[in-house]
Amino acid sequence: FKQKTAYEIKECDWSSDVCSSDLFLSFALFSYPRSEIPVNETSVEFLNLKNGDTISCPFTVKFKVSGMSISPAGELKESSGHHHLLINQTYIDKGNTIPADQNHLHFGKGQTETELNLDPGLYSLTLQFADGYHRSYGKELSRTIQIEVK
């Protein structure tokens, strides 16, 4: 490969002198999202339990929400709400109101933990975040784990 001087380069020569991989690298360097930019992702998680845990009663369940703030029931604020724990239930579709019964526990005061006393057996626990009027934020703000109570 012989480098041409600017005098020797004609308009039709540009495509042969510029390597397509050089263009791709330049494009990739300047267009790729930067990791320094914070991404406000929302999620819920169990802090002290994981899928498949075997536990004995009574036991504490600790909740966490990321990307949202906690506010009590009755207060409707954007990007906020409170936790619900669903026992042997799946997530509630976005916008639907979470029922209040023995399998749908509400933490409308903004609590982030509770103590459970369940009979021995296999259980599905779903953490569901909802707005101040108990309307679910849907699957995106839910987390389900399976546990065994001894």
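Structure first, text after, so check above.
Below, the structure is looked at part by part. Bear in mind that the values here come from a model prediction, so they are computed numbers and not experimental data.

## What to know about the overall build of the protein
Now for step 1: Helix and strand content of the protein: two helices and nine strands.
Now for step 2: The order of helices and strands in the protein, counted from the N terminus, is α-α-β-β-β-β-β-β-β-β-β.
Now for step 3: Looking at the protein as a whole, 31% of its 150 residues are labelled buried.
Now for step 4: Residue pairs in contact within the protein that sit at least 24 positions apart in sequence constitute 65% of those at least 6 positions apart.
Now for step 5: Of the roughly 10000 Å² of accessible surface on the protein, a fraction of 52% belongs to carbon and sulfur atoms.

## As for the pattern of salt bridges
Now for step 1: Counted by the stated rule, this structure contains four salt bridges.
Now for step 2: Lys77 serves as the salt-bridge partner of Glu75, at 3.3 Å between the closest nitrogen and oxygen.
Now for step 3: You can call Lys77 partly exposed: its relative accessible area is 46%.

## What to know about the sheet that holds strand β3 (residues 59–66)
Now for step 1: Taken in spatial order, the three strands line up as β1-β3-β7 in an open sheet, and their pairing is antiparallel. For this open sheet the edge positions go to β1 (43–46) and β7 (113–116), each flanked by a neighbour on one side alone. Neighbouring strand axes in the sheet, compared pairwise and without regard to direction, differ in orientation by 25 degrees on average.
Now for step 2: Inspection of the sheet shows β1 paired to β3 by four bridges, in the antiparallel sense. Across the sheet, the residue bridging to Ser43 is Ser66, located in β3.

## Comments concerning the nonpolar core
Now for step 1: Judged by nonpolar contacts, the single largest core of 23 residues is most densely connected at Phe46, Leu49, Phe59, Leu125 and Ile147.
Now for step 2: Those elements that provide at least two residues to this core are β1, β3, β5 (80–87), β8 (121–130) and β9 (142–149).
Now for step 3: Those residues in contact with Ile147 that lie beyond four places of it in its chain are Lys50, Asp53, Ile55, Phe59, Gly121, Leu122, Tyr123 and Leu125.

## Re the environment of Leu116
Now for step 1: Residue placement: Leu116 occurs in strand β7.
Now for step 2: With relative accessibility at 7%, the residue Leu116 sits in the buried group.
Now for step 3: Along the backbone, Leu116 and Val61 are 55 residues apart, and their C-alpha atoms lie at a distance of 7.4 Å.
Now for step 4: When neighbours within four sequence positions are excluded, Leu116 is seen to be in contact with Cys57, Pro58, Phe59, Val61, Leu85 and Leu105.

## Some remarks on the pairing of β7
For a regular strand, side-chain orientation follows a simple rule: the groups alternate between the two sheet faces.
Now for step 1: The two faces of β7 differ: Thr114 and Leu116 on one face are buried, but Glu113 and Glu115 on the other face are not.
Now for step 2: Sheet analysis places β3 next to β7, joined by four bridges and oriented antiparallel. Opposite Phe59, over in β7, you have Leu116 as the bridge partner.

## Re the pairing of β8
Now for step 1: A large share of β8 lies buried, amounting to eight of its ten residues.
Now for step 2: Pairing geometry for β5 and β8, over six bridges, is antiparallel. Counted as the bridge partner of His84 is Gln128 from β8.
Now for step 3: Of the pairings in the sheet, the one linking β8 to β9 comprises eight bridges and is antiparallel in character. Paired with Ser124 across the strands is Gln146, a residue of β9.

## Topic: the environment of Asn51
Now for step 1: As for its position among the elements, Asn51 is in the loop between β1 and β2 (54–55).
Now for step 2: Overall, the relative accessible area of 51% leaves Asn51 in the exposed class.
Now for step 3: Between the alpha carbons of Asn51 and Gln146 there is a distance of 5.2 Å; along the sequence they are 95 residues apart.
Now for step 4: Sequence-distant contacts of Asn51, defined by excluding residues within four places in its chain, comprise Ile145 and Gln146.
Now for step 5: At 2.7 Å, the side chain of Asn51 forms a polar contact with the backbone nitrogen of Gln146.

Here is what the cut-offs are and how they apply
Residues numbered from 1 in each chain as written. Predicted model: local features only at pLDDT ≥ 70, side-chain atom pairs only at ≥ 80, totals over all residues. Heavy atoms only, no water. Helix = DSSP H or I, 4+ residues; strand = E, 2+ residues; numbered from the N terminus. Buried < 20%, exposed > 50% of the residue type's maximum accessible area, 1.4 Å probe, protein only. Contact = heavy atoms within 4.5 Å. Areas by Shrake-Rupley, 256 points an atom, 1.4 Å probe, with all protein chains shown as cover. Salt bridge = Lys/Arg side-chain N within 4 Å of Asp/Glu carboxyl O. Pairing = 2+ DSSP bridges. Axes fitted to C-alpha atoms, helices over the stretch in contact; angles between N-to-C directions. Core = buried A, V, L, I, M, F, W, Y, C linked by side-chain atoms within 4.5 Å. Polar contact = N/O pair within 3.5 Å; in protein donor to acceptor, adjacent residues only side chain to side chain.

Geometry only, nothing functional implied.
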